[in-house]
Amino acid sequence: MQPDEGFTFEFNSREPVYLQVVRHFKVWIATGRLKAGQTIPSRRELAVLAKINPNTAQRAYREMEEQRLIVTEGNSPSRITGDERVLRSVRSELLEEAVDRFLELIRPIDVSTDELVALVRQKHAARNGGNSGHD
Amino acid sequence: MKALLKLIHFEVRRFRWFLFGLMAMTALYQMAVTVVYALGERALRMPDPGRDPETIPGPMSVYHLLSRHQETYALPVLVCVVSLLLYAFLIWYRDWLGRGAFIYRLLMLPQPRAYLYLSKLAAMLLFIFSLLSLQLALLLVIEGIFSAIMPAEFRLEARFADLVAGNELIAFLLPVSPKVFLQYYGMGIVLLLAAFTAILLERSRRPAGIVLALAYAAAMLVIPFGVILAGATGLYESMGLYINEIMWTAVGVWLAGGALAAWLGIRVLNKNVSV
Amino acid sequence: MIEIENLQKRYFRKHVLRGVSFTVEPGLITCLAGLNGAGKSTILKAIMGLVPVDGGSIRIDGRETALHLTGNRGQLNRYRALKVAFIPDRPAMPPSMKVGEALRFMADFYPAIWNEEKARDMLAFFELGEGERLGSLSRGTAAKFNLVLGLALETPYVLMDEPFSGIDLFSREAIADVFSTGWLEGRGVLITTHEIREVEHLIDRVVLLKDGVVAKTFDSEEMRLAENKSIVDIMREVYRP
């Protein structure tokens, strides 16, 4: 997991850094960048990679372990969980979060669900070009 | 203990070029001057049919050479003395001045801060005594040069004690009697300790520090003047003291003064000194 | 833990510290922040015994070390030196010294805690050569070397005085990177800095100094979690209400 492989971290100053780290991992899991069972860097390596202090990295890992996103067996390096349910829930969690945020943004605008869905379908199709099969 | 030696080594080392410079200057100067004068004296005594035999000087010793050219030989010595006097202060102030701020490092060292005081003292003593030794050696060299240049018939023998006595300043700095030597240099060391302590006082509570330092210096001067005044006003005679007792009292007072200076200086270094 | 309690310091008429109290926890990075002249530097120097204070207590792992209370007697100088490494805001070595000589100096006087290997690793990390004269180093390079001299000492606590002040961008980045490495890990770090943004994501705890006392202390992540505020936000609240 290296920066040159596209694993870069960007943080804002108002949310807890360790939660932002967790979110980065969730995005990579949802987008398939991090596969089930893939090994991830140690706490120390993560600190250097993300340019955070090792305590924060520690906290992030603990949070991910609690959310069952990663598993650590004994002294071996931690790995992304292989549990399908967890992986799927990550995906839906991110989707829901994005949708919630989107809906919050357009709340002042008066629009019907049908109109919204039609717009989403149109935009989504346009983005994916000729890519069909994702409904 | 080993750290103290390392600190002394450090202090000596950082001054070494200047010390070598002083030594080289003194040596070269005194030797060069001796060559020039000796050649001159020899020329004066060369048999010359044109000259009246009455005006040709008789044989001379190196003692005469030295005593005849007081200021010349004393000059480099004076430079050394002044340099060391200056360095007695600089050896401390250099650590505070400049970007270096080396005093931070010194105060943070795990060793007792007394070592800082003692190592600078030891270094100064080493400088002083190495220069003194150099001068003694140079006197021998001067005699050697003189003997090499002046043919035997123009030369008179001189004892080593005469060599020392030849130059006033040198004679002052190198008293022949061990008792006098101890006396002078003992007092000098106590004054050096006082100077160190005054410096440290100045470096503690600034700007009040400088006032403290001067007050302390004034107090320290009371010792020698007090001793002398007491003698002059006949205080001792009235107390019925013998010469020996007076002397030992004076010694005691000086030793106490030195000990007090060292104790106070180290205490300031530990408790009040400020970067 | 380093416990500062009711620290007082006057400079002539100016009452710089009027009762400062806070702690430096082991293993965490604490930032002492405040406006210019607030006395942050003075506090660090006081902990290190470089400056006497007029009142208050400084306890390092339970033992009192304030100069005015202890006279620095006994083995206190040694105790302090073995517990806390101080990285001042200026290179505290003679300019005529070379990099290698400075390292040997430290190794000579700190035989118990000097980690030669760590020093060499850090030297390589910062791309510093051994033969350079300290006086000829650029400000950024000198700051990096200063770090080496401090961090290669295996002490449980590290104090850093304005590690980023007046330093070029790339040197600053290199220094900030040190906070992510193992060289600081497990050590209680107290840093003073104006460049909060440089270290916003690296700090565990913040102590805000205002008018000679501690105005606010907080855990940065807790603050973000609870109030969605950054360190800079809180500083704005405290210093510019």
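Model, not experiment: these values are computed from the prediction.

**Let's talk about the overall build of chain A**
When helices and strands are counted, chain A shows five helices and two strands. Along chain A, from the amino end to the carboxyl end, the secondary structure elements read α-α-α-β-β-α-α. Referenced to the eigenvectors of the C-alpha coordinate spread, the extents of chain A come out at roughly 55 × 35 × 30 Å. Buried residues in chain A amount to 21% of all 135 residues. Nonlocal contacts in chain A, meaning residues at least 24 apart in sequence, comprise 55% of its contacts between residues at least 6 apart.

**Let's talk about the nonpolar core**
With 133 residues, the main nonpolar core has Phe196 of chain B together with Ile43, Ile47, Val158 and Leu159 of chain C as its most contacted residues. If one sorts the elements of this core by residue count, helix α8 (residues 178-202) of chain B sits on top with 11 residues. The contacts of isoleucine 43 of chain C, once residues within four sequence positions are left out, are Ile4, Leu7, Leu17, Val20 and Leu32 of chain C. If you look at the next biggest cluster of nonpolar residues, it comprises 15 residues, including Leu65, Met150, Ala158 and Leu163 of chain B.

**Considerations on the interface of chain C and chain B**
Facing the 26 residues of chain C at the interface are 21 residues of chain B. It is helix α3 (residues 76-83) of chain C that provides the largest number of residues to the side of chain C that touches chain B, a total of four residues. For the side of chain C that touches chain B, the class distribution of residues is 16 nonpolar, five polar and five charged.

**Observations concerning the environment of phenylalanine 20 of chain B**
All names here are of chain B. Residue placement: phenylalanine 20 occurs in helix α1 (residues 2-45). Phenylalanine 20 sits in the exposed class, given 10 other C-beta atoms within 10 Å. Along the chain, phenylalanine 20 and leucine 173 lie 153 residues apart, while their C-alpha atoms are 20 Å from each other.

**Examining the interface of chain A and chain C**
At the junction of the two partners, chain A supplies 15 residues and chain C supplies 20 residues. At the level of secondary structure, the elements contributing two or more residues to the side of chain A that touches chain C comprise α1 (17-30), α2 (43-50) and α3 (54-66) of chain A. Take the side of chain A that touches chain C: its biggest share by element is three residues, from α2 of chain A. Tallied by class, residues from the side of chain A that touches chain C come to eight nonpolar, three polar and four charged.

**A closer look at helix α11 (residues 243-271) of chain B**
With 29 residues, α11 of chain B ought to run about 42 Å at 1.5 Å a step, and its terminal C-alpha atoms sit 42 Å apart, in line with that. Where α11 of chain B is concerned, the buried positions are Ala250, Gly257, Gly258, Ala261, Ala262, Gly265, Ile266, Val268, Leu269 and Asn270 of chain B.

**Focus on the sheet that holds strand β2 (residues 14-24) of chain C**
Residues and elements named next belong to chain C. Read from one edge to the other, the open sheet built from four strands follows the order β2-β1-β4-β5, with strand pairing classed as antiparallel. A single partner strand is all that each edge strand has here, and the edge strands are β2 and β5 (63-64). Each of β1 (2-11), β2 and β4 (55-60) touches helix α1 (residues 40-47); the most contacted strand, β1, lies at about 120° to it.

**With respect to unusual backbone geometry**
Not every positive phi belongs to a glycine, and lysine 51 of chain A is a case in point at roughly 60°. Looking at where lysine 51 of chain A falls in the secondary structure, it is placed in the loop between α2 and α3. Given 15 C-beta atoms within 10 Å, lysine 51 of chain A falls into the partly exposed group. A positive phi angle is found at aspartate 211 of chain C, which is not glycine, with a value near 55°. For aspartate 211 of chain C, the position within the fold is in the loop between β9 (205-210) and β10 (213-219). When the 11 C-beta atoms within 10 Å are taken as the criterion, aspartate 211 of chain C is described as exposed.

**Focus on the domain arrangement of chain A**
Residue and element names in this part refer to chain A. When the domains of chain A are assigned, the result is domain 1 (3-80) and domain 2 (84-128). Between the C-alpha centres of domain 1 and domain 2 there is a distance of 26 Å. Across the contact, seven residues belong to domain 1 and six residues belong to domain 2. Along the lines of polarity and charge, the residues of the side of domain 1 that touches domain 2 split into five nonpolar, no polar and two charged.

What counts, and at which threshold
Residues numbered from 1 in each chain as written. Chains lettered and ligands numbered in written order. Predicted model: local features only at pLDDT ≥ 70, side-chain atom pairs only at ≥ 80, totals over all residues. Helix = DSSP H or I, 4+ residues; strand = E, 2+ residues; numbered from the N terminus. Buried ≥ 20, exposed ≤ 12 C-beta atoms within 10 Å, placed from the backbone. Contact = placed C-beta atoms within 7 Å. Core = buried A, V, L, I, M, F, W, Y, C linked by C-beta atoms within 7 Å. Nonpolar A, V, L, I, M, F, W, Y, C, P; charged D, E, K, R; others polar. Expected span 1.5 Å × (residues − 1). Pairing = 2+ DSSP bridges. Axes fitted to C-alpha atoms, helices over the stretch in contact; angles between N-to-C directions. Domains from an automatic or database assignment.

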